[in-house]
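Given next are the chains, with one letter for each unit.
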Amino acid sequence: MLLGRSSDGNDALNLNGTVRNDIDSGVEHGDVLLRYSDAAVGRTDDLVAAREALDAEMGPDAVVDCAATIANFQRMVRIADGCGIPLDSFSRTESAKWRDGLGIDNFRSRENTFSRS
């Protein structure tokens, strides 16, 4: 929901660019940000090079901000996975338009969410 809400009203942003490296997200420095985030969460094995590229393009403060943001999202995801927190009906409805298109319901962590009938 945070990702979807943060892009509402900004037609220049393409959320598909957050899950596909071959699509321009429309975010300034999006290529180095995505490279770093992919490496930081273990999708790629070039964390040192990705961090150096981020530092070179955006500076050391951006590296710290990005690392903190990634850590915060990892924390939230781990809590939700551990508890099996389902989406409430409002969040399920509001996020349906982009959740399916991004393939979020196919993420492995989706298996940890119980459903309430």
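Rules of the game
The residue numbers shown here count from 1 along each chain, following its written sequence. Only residues with pLDDT of at least 70 are given local features in this predicted model, and only at 80 or more are side-chain atom pairs given and counted; all residues enter the totals for whole chains, interfaces and linings. Values reported for side chains reflect all heavy atoms of the structure, with hydrogen atoms and water molecules removed beforehand. Under the scheme applied here, a residue whose accessible area is under 20% of the maximum for its type counts as buried, over 50% as exposed, and between as partly exposed, the area being computed with a 1.4 Å probe on protein chains only. Note on conventions: DSSP H or I runs of at least 4 residues are helices, E runs of at least 2 residues are strands, and numbering of each starts at the N terminus. The contact rule is simple, with two residues in contact once any of their heavy atoms fall within 4.5 Å. A pairing counts as a salt bridge when a side-chain nitrogen of Lys or Arg comes within 4 Å of a carboxyl oxygen of Asp or Glu. The angle between two axes is taken between their N-to-C directions and runs from 0 to 180 degrees, where each axis is a line fitted to C-alpha atoms and a helix contributes only its stretch in contact. When an angle is under 35 degrees it counts as roughly parallel; over 145 it counts as roughly antiparallel; between 65 and 115 it counts as roughly perpendicular; any other value is oblique. A clockwise turn of the near helix away from the far one marks a right-handed crossing, whereas an anticlockwise turn of less than a right angle marks a left-handed crossing. Each residue carries a pLDDT score, the predictor's own confidence in it, on a scale running from 0 to 100. Here, nonpolar core means buried Ala, Val, Leu, Ile, Met, Phe, Trp, Tyr and Cys residues that are tied together by side-chain atoms lying within 4.5 Å of each other. What qualifies as a polar contact is a pair of N or O atoms within 3.5 Å, subject to a donor-acceptor requirement within protein and to the restriction that residues adjacent in sequence count only when both atoms come from side chains. The span you would expect from a helix comes to 1.5 Å times its residue count less one.

(A) How the structure looks around helix 2 (residues 30–40). Every buried residue of helix 2 is listed here: G30, V32, L34, Y36, D38 and A39. Close packing links the buried residues of helix 2 with helix 3 (47–58) and helix 4 (60–83). Immediately beyond the C-terminal end of helix 2, within one or two residues, lies G42, with a positive phi of roughly 85°.

(B) Quick look at the pattern of salt bridges. Using the criterion set out here, one finds two salt bridges in the structure. The closest approach of N and O atoms between D46 and R35, which form a salt bridge, is 2.8 Å. With D46 in the loop between helix 2 and helix 3 and R35 in helix 2, the pair connects residues that are eleven residues apart, well separated along the chain. On the accessibility criterion, D46 (22% relative accessible area) is partly exposed. R35 gets classed as partly exposed once you look at its relative accessible area, which sits at 35%.

(C) A look at the packing of helix 2 against helix 4. Between helix 2 and helix 4, whose axes approach to 11 Å, the crossing angle comes to 50°. Relative to helix 4, the element helix 2 lies oblique. Of the two possible hands of crossing, helix 2 and helix 4 adopt the one that is right-handed. In contact with L33, Y36, S37 and A40 of helix 2, helix 4 contributes V63, C66, A67 and I70.

(D) Representation of unusual backbone geometry. The phi dihedral of H29 falls on the positive side, at around 65°, and the residue is not glycine. The topology assignment puts H29 in the loop between helix 1 (2–7) and helix 2.

(E) Up close: the confidence of the model for the protein chain. Looking at the protein chain as a whole, the pLDDT averages 81, with 83% of positions reaching at least 70. Mean pLDDT across the elements of the protein chain ranges from a minimum in helix 1, with 48, to a maximum in helix 3, with 97. Note on residues 1–7: pLDDT under 50 across the span, and 15 contacts to partners over four residues away in sequence or across chains.

(F) Representation of the nonpolar core. With eight residues, the main nonpolar core is built from V32, Y36, A39, A50, L54, V63, C66 and I70. Contacts of L54, omitting those with residues within four sequence positions, involve V32, L33, Y36, G59, A62, V63 and C66.

(G) View of the environment of R99. Looking at where R99 falls in the secondary structure, it is placed in helix 5 (residues 89–102). Sequence-wise, R99 and L15 are 84 residues apart; in three dimensions their C-alpha atoms are separated by 9.9 Å. Aside from chain neighbours lying at most four places away, what touches R99 is L87, S91, R92, I104 and D105. Reaching out from R99, the side chain makes a polar contact with the backbone oxygen of R92 at a distance of 3.2 Å.

(H) A look at helix 3. Between its first and last C-alpha atoms helix 3 spans 16 Å; for twelve residues at 1.5 Å apiece the expected length is 16 Å, and the two agree. A positive backbone phi angle near 100° is found at G59, which sits one or two residues after helix 3.

(I) The side chain of D38, seen in detail. In this structure, D38 sits in helix 2. For D38, a relative accessible area of 7% translates into the label buried.

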